[in-house]
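What follows is each chain in one-letter form.
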Amino acid sequence: MRLTALTATEQLKQPALTSLVAKLEQDGLVSRRPDPRDGRAVLLELTEEGLRIVRSRHADRVARLSRLVEHLNEDERAALAGSARVLGRLTEIAASLGD
């Protein structure tokens, strides 16, 4: 992903994100490579270690949410499932609009 695209998804200003990416690169979690479509631009990519950390943190969040959902009653779980469908639809709309 290009840094400019990342600033949009992460809602950070470019100087702050540039600094953060430099730190992640220094820690071996992100790598940079030239964009084959635009020689002036750089693509950012997770390294294997960066990807491992992202997957691990995602799994931790899913496990925690699953434990919390166990405490909901049947009506609350149904409401949550309906909300998840609506949020999924919003994600689809945002992707189609480029937001």
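Counting from 1, residues in each chain are numbered in the order their sequence is written. pLDDT decides what is reported in this predicted model: residues at 70 or higher carry local features, side-chain atom pairs at 80 or more are listed and counted, and totals for whole chains, interfaces and linings draw on all residues regardless. No hydrogens and no water enter the side-chain calculation; it runs on all heavy atoms of the structure.

Some remarks on the overall build of the chain
Phase 1 of the analysis: To qualify as a helix, a DSSP run of H or I must reach at least 4 residues; to qualify as a strand, a run of E must reach at least 2; elements of each kind are numbered from the N terminus. Looking only at helices and strands, one finds four helices and two strands in the chain.
Phase 2 of the analysis: Going from N to C terminus, the chain has its helices and strands arranged as α-α-β-β-α-α.
Phase 3 of the analysis: The atom set for the radius of gyration is the C-alpha atoms, and the globule formula is 2.2 Å times the number of residues raised to the power 0.38. In terms of C-alpha radius of gyration, the chain reaches 18 Å, well past the compact-globule figure of 13 Å for 99 residues.
Phase 4 of the analysis: For the chain, the spread of C-alpha atoms along the principal axes amounts to about 55 × 30 × 25 Å.

Considerations on the nonpolar core
Phase 1 of the analysis: Only buried residues count toward a nonpolar core. Its members are Ala, Val, Leu, Ile, Met, Phe, Trp, Tyr and Cys residues joined through side-chain atoms within 4.5 Å. Note on classification: 1.4 Å probe, protein chains only; a residue is buried when its accessible area is under 20% of the maximum for its type, exposed when over 50%, partly exposed between these limits. Ranked by size, the top nonpolar core spans six residues in total: Leu3, Leu6, Leu17, Val21, Val30 and Leu44.
Phase 2 of the analysis: Counting residues per element, the ones that place at least two in this core are helix H1 (3-10) and helix H2 (14-26).
Phase 3 of the analysis: Excluding anything up to four places from it in sequence, Leu17 contacts Leu3, Leu6, Thr7 and Leu12. Contact between two residues is taken to exist if any of their heavy atoms lie within 4.5 Å; hydrogens are not considered.

Considering the pattern of salt bridges
Phase 1 of the analysis: Any carboxyl oxygen of Asp or Glu within 4 Å of a side-chain nitrogen of Lys or Arg constitutes a salt bridge here. Applying the stated criterion across every chain yields a total of nine salt bridges.
Phase 2 of the analysis: Across the salt bridge formed by Glu45 and Arg33, the nearest N and O atoms sit 3.4 Å from each other. Of this pair, Glu45 sits in strand E2 (residues 38-46) while Arg33 sits in strand E1 (residues 30-35), placing them twelve residues apart in sequence.
Phase 3 of the analysis: The exposure class of Glu45 is partly exposed, given its relative accessible area of 39%.
Phase 4 of the analysis: A network of salt bridges, in which partner residues are shared, links Arg2, Asp35, Arg37, Asp38 and Arg40.

Looking at H2
Phase 1 of the analysis: Any helix carries an expected span of 1.5 Å times its number of residues minus one. Taking 1.5 Å of rise per residue, the 13 residues of H2 would be expected to cover 18 Å, and the 18 Å separating its terminal C-alpha atoms lies within 8% of that figure.
Phase 2 of the analysis: In the stretch just after H2, Gly28 is the one whose phi turns positive, near 80°.

Examining the pairing of E2
Phase 1 of the analysis: Two strands pair under a simple rule: DSSP has to find at least two bridges between them. Note that E1 and E2 share six bridges and pair antiparallel. Within the sheet, the bridge partner assigned to Ser31 lies in E2 and is Glu45.
Phase 2 of the analysis: The loop that links E1 with its antiparallel partner E2 comprises two residues.

As for the environment of Leu20
Phase 1 of the analysis: Within the secondary structure layout, Leu20 lies in helix H2.
Phase 2 of the analysis: Note on Leu20: relative accessible area 42%, which makes it partly exposed.
Phase 3 of the analysis: Spatially, the C-alpha atoms of Leu20 and Thr91 are 26 Å apart, while their sequence positions differ by 71 residues.

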